[in-house]
Amino acid sequence: MSIQGEEWWKLRAPAQRVMMRPKQLSQYLPMMNEVADDFVQMVKRDTHFKAEEAFMSYFAETADTVFFNKRLGLLDEKLSEEARKMQKATSIVFEKMYTTRVGSSNAFRFHRSKDYRMFEASANHLLELSARNVKEVKDNIDHSKKNGLDTSNEPNMLLSLLKDVTEQEAALIIDGLYIAAVETSASTLQVFLHTLAKHPDKQEILRQEIHTVLGKDDNDVTQEHLDKIPYLKACLKETYRLRILFPLGPGRILPSVVVLGGYKIPVGVHVFMYTAKACHDENIFDNPYDFVPERWLRENKGQDTDVKNSQNSKVDSDSSWALLSFGLGPRGCPGRRLFEQELFLIVTKLLRKMAVGLAEERVDTEFEYRLLLRPVKPLKFTFTPVDMEKNTH
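Read on for an overview of the structure. Not measured: the values here are computed from a predicted model. (Residues numbered from 1 in each chain as written. Predicted model: local features only at pLDDT ≥ 70, side-chain atom pairs only at ≥ 80, totals over all residues. Heavy atoms only, no water.)

### Points about the packing of aromatic side chains
Then, number 1: Within the structure shown, the criterion is met by 12 aromatic pairs.
Then, number 2: Relative to Phe-49, the ring of Phe-39 lies with its centre 6.4 Å away and its plane at 75 degrees, an arrangement referred to as edge-to-face. Pair noted here: Phe-39 is in helix α3 (residues 29–45) and Phe-49 is in the loop between α3 and α4 (51–68), with a separation of 10 residues, a long-range link. Considered together, Phe-39 and Phe-49 belong to a single accessibility category, that of buried residues.
Then, number 3: Relative to Phe-383, the ring of Phe-381 lies with its centre 6.3 Å away and its plane at 45 degrees, an arrangement referred to as tilted. In this pair, the class of Phe-381 matches that of Phe-383, namely buried.
Then, number 4: Here a set of aromatic residues connected by ring pairs shows up, and it is made of Phe-39, Phe-49, Phe-55, Tyr-58, Phe-59, Phe-339, Phe-381 and Phe-383.
Then, number 5: Positioned above the aromatic ring of Phe-285 is the side chain of Arg-241, whose terminal nitrogen or guanidinium carbon lies 5.1 Å from the ring centre.
Then, number 6: Stacked on the ring of Phe-367, the Lys or Arg Arg-243 has its end atom at 4.6 Å from the ring centre. (Phe/Tyr/Trp six-rings, centres within 6.5 Å; stacked < 30°, edge-to-face > 60°. Helix = DSSP H or I, 4+ residues; strand = E, 2+ residues; numbered from the N terminus. Buried < 20%, exposed > 50% of the residue type's maximum accessible area, 1.4 Å probe, protein only. Lys NZ or Arg CZ within 6 Å of the ring centre and 35° of its normal.)

Put into structure tokens, the structure is as follows:
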């Protein structure tokens, strides 16, 4: 995540070719449906689950399924030792990434502090796990070839990567994608469900649209289904705008001198776009502190867009630049499409059968910024079964 130039592009280009193509990612949906179904069953089984930990387990299990074509068992009632270590290492990496960079222990710049050593050990454990899984997948592919089996048409992200990079480079790419995605995705899902729970009227509109598209049968969710639920995408975009998940927007290290607002910025300075201000600017968004997913819908429903209805926005051309949750350009997030597929899938599965609410003592929970926007106290969600017969007629 911190390398630059040609070294960065050598790893980024193969990942981008695999991760940024919707058709390629949609082939993983059958496997992802299985993970999402297991998560819904876990919610039904344990109504007092720890939200952040459970959400991280869902995204980690999905990532493991997509990257390595296997399940690690993070959603099982009894975790294996490997799953438990992976779960713990992931939590430590993000907690210590915060404390060693922007928190109370940033002395790592001068010496390897206790927090930094914990971060390093956990990050190395995840990288070793990625390397071991890459080798296992590569060995399985080689074994299949020796036995005359054609695996070229199977949904296999590693197989695609290994056409362009070495095993070691593939492990680095997968490890980077995993570290960048799991915590971020879990935090986003927490904030998204919290927002929907705080706005039950909008949640009900979304549920009605889900029922209209999917009906009452327990069939798998397909890409065609997701394409017909524009209100889901609108709700997520409005959550991004209203509840800024990252304190800073996209950043760049300036390769040349730039003049910004009359200030001369020298080469090598790290410059960030402060998109949070734009997202709450009433000159760009009407009623900027209200949750209005409708502002992101086209008049012709069913088509997703970054440009909102003119009746809901004063300056349409500015709105897409205000919301840059995944960055932009070559440095934009390569895992965006995979993350959105994971999130849309689990939210669709949950809201299809349950209404999401908040435990009374957590209704007014405050949030704070660490690396990401997080609740000060752990969130406690409630999931109440809905009458599907009523909602599908």
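Next comes the rest of the description.
### Observations concerning helix α11 (residues 230–242)
Then, number 1: Given a rise of 1.5 Å per residue, 13 residues ought to cover 18 Å, and the 18 Å separating the end C-alpha atoms of α11 matches this to within 8%.
Then, number 2: Of all 13 residues in α11, 13 are buried, a share of seventy percent or more. (Expected span 1.5 Å × (residues − 1).)

### Comments concerning unusual backbone geometry
A negative phi angle characterises most non-glycine residues, just as the trans form characterises most peptide bonds.
Then, number 1: In the Ramachandran plot, Asn-69 falls in the positive-phi region, its phi being about 55 degrees despite a non-glycine side chain.
Then, number 2: Assessed through its relative accessible area of 30%, Asn-69 is described here as partly exposed.

### Considerations on the pattern of salt bridges
Then, number 1: Counted under the stated rule, the structure contains 19 salt bridges.
Then, number 2: With a closest N to O distance of 3.9 Å, Glu-77 and Arg-45 form a salt bridge. On the criterion of sequence distance, the pair formed by Glu-77 in the loop between α4 and α5 (81–101) and Arg-45 in helix α3 is long-range, its members being 32 residues apart.
Then, number 3: A salt bridge links Lys-70 to Glu-136, with the nearest nitrogen and oxygen atoms 3.6 Å apart. Taken together, the residues Lys-70 in the loop between α4 and α5 and Glu-136 in helix α6 (residues 114–146) connect sequence positions 66 residues apart.
Then, number 4: Residue Lys-70 is classed as partly exposed on the basis of its relative accessible area, which comes to 23%.
Then, number 5: Using a relative accessible area of 37% as the deciding quantity, one classes Glu-136 as partly exposed.
Then, number 6: What emerges from the salt-bridge pattern is a single network uniting Asp-38, Glu-61 and Arg-71. (Salt bridge = Lys/Arg side-chain N within 4 Å of Asp/Glu carboxyl O.)

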